[in-house]
Every structure is written in structure tokens, then in C-alpha cells.
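Observations on the three-dimensional arrangement
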Amino acid sequence: MTDDLSNLGLECSEDWVPFPLAGSVDLDYWAKHQANELVERFARDGEAGDARLLARDLKRAAADSHTREPLGAFGWYLSGHNSVAAILELDAIHPDATYPEVTLSLLADHMKSTDFGEPDVRDVRLPLGDAVRIRQNFVGEKKRLFGARPVIHSLFYGVRPENMAAAITLLVSWTEPVLGEPLEQIVDNIAQTLSA
């Protein structure tokens, strides 16, 4: 028996653009339409947006997310900025022959990185169940052959709903260090809205 994840969801502001699931729509069409909506939202906020640059970035970010095949993904687009500030991905980890039970300690062990020292790992309680929260930075993949590897900032939640064998995961990542403090608060609030 597998867990029913059809009602998996969360609540976030309109700054978070939902990416289409892999193969569900034409990415070019979606990105152009979404870029025009962002330009309109930016204008309401008194900021300018470039629909061409936004469409290119939306397509790139959604295609990159598709490579990981999450259950859901969002891009955080701040008014006046033509590229994604952060990516949020929602997924599930199911028990298997190797790990017949997905525990919070297992999640913490597998999700933490020590690229920059020990991460901040906390046991927390969410409305959905007991959870682990990991705030850390790690070294990302090279973008160019001779370029530097970027520092990826991330906040991860893994929660074990009481009525499921699977763990629900929420991962938000970004590269601009200045976004860390506000994003942590935003993601902590989003994690409180997780539902299944």
C-alpha cells in the first residue's frame, strides 16, 4: 500500500510562482504567459520587469527543477528582479528495502552537509507531525568549465505525518546570502501550512 499524496499542499504568497510538473505543459508557452503575469504584478508594486528575461529565467528554473522530479516546485520572484531568488521543492521519501522506516534521524543524516561546518539541525513540531529542520550552506555544481562553484544556502524540512509511512520534504535553496534571514522566516511560516 502506498501513501495517498494527492492532497499534498502548502500555502505561500503570490511571490512564489508554481512551476508546472514535468511534461504537463509546453514550457516555452508557460514561461511567456507567466512572465507577462509577473510584469503586471511588478507594475502593481511600482517596479519594472523584462518579460523576455523573465520568460527565459522561468523556463530555465522550471526545467532545472524537472531534473529532480519533485511533487511540486515554486520559484520566488521578487518585484523588479528578472531572475528567480529562491527555489522551493516539495517531495516525499518512501520506505524501501534498504530503509523500511523513514525516520527523522535518517532524514537528518542523509540531508545534512558539512561543506561549511556543522549545519543547524533542530527537531520541531509542525501541524502535519514531528519534523526535522536543517539550515545549512553547501557547495553547488559549477556553472561553467572555469567558473567558481557557487555557495548554495538552504533550509530543509522533513516531516513524518502520523498517518503515513512516507516523509514529506520541503527544500528551499538560494545563492544570495542577504536573503537568508527573511527567507528563513518565510519558509518557517510556509512549513507550518504543509498539509497532506
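Here the structure is a predicted model, which is why all the values come from computation and not from measurement.

1. Re the pattern of salt bridges
- Evaluation of the coordinates by the stated rule reveals twelve salt bridges.
- Here Asp64 ties to Arg68 by a salt bridge, and the two come within 3.1 Å at their closest N and O atoms.
- A salt bridge links Arg125 to Glu162; its shortest N-O distance comes to 2.8 Å. Of this pair, Arg125 sits in strand 4 (residues 120-126) while Glu162 is found in the loop between strand 6 (151-161) and strand 7 (167-174), placing the two residues 37 residues apart along the sequence.
- Classification of Glu162 as exposed rests on a relative accessible area of 64%.
- Among the ionic contacts, a cluster of salt bridges with common partners joins Arg133, Arg135, Glu184 and Asp188.

2. Structural notes on the sheet that holds strand 3 (residues 86-93)
- Strand order across the open sheet formed by seven strands is 1-2-3-7-6-5-4, with antiparallel pairing between neighbours. Two strands bound the open sheet, and with one partner strand each, they are strand 1 (16-18) and strand 4. This sheet shows a mean twist of 20° between the axes of neighbouring strands, independent of strand direction.
- Where strand 3 meets strand 7, seven bridges bridge the pair, whose relative direction is antiparallel. Its bridge partner being in strand 7, Ile87 is matched across the sheet by Ser173.
- Strands in contact with helix 3 (residues 104-111) are strand 3, strand 4, strand 5 (129-139), strand 6 and strand 7; relative to strand 5, the strand with the most contacts, it is inclined by about 5°.

Rules used throughout
- Residues numbered from 1 in each chain as written.
- Predicted model: local features only at pLDDT ≥ 70, side-chain atom pairs only at ≥ 80, totals over all residues.
- Heavy atoms only, no water.
- Salt bridge = Lys/Arg side-chain N within 4 Å of Asp/Glu carboxyl O.
- Helix = DSSP H or I, 4+ residues; strand = E, 2+ residues; numbered from the N terminus.
- Buried < 20%, exposed > 50% of the residue type's maximum accessible area, 1.4 Å probe, protein only.
- Pairing = 2+ DSSP bridges.
- Axes fitted to C-alpha atoms, helices over the stretch in contact; angles between N-to-C directions.
- Contact = heavy atoms within 4.5 Å.

Coordinates in, geometry out; function isn't part of it.
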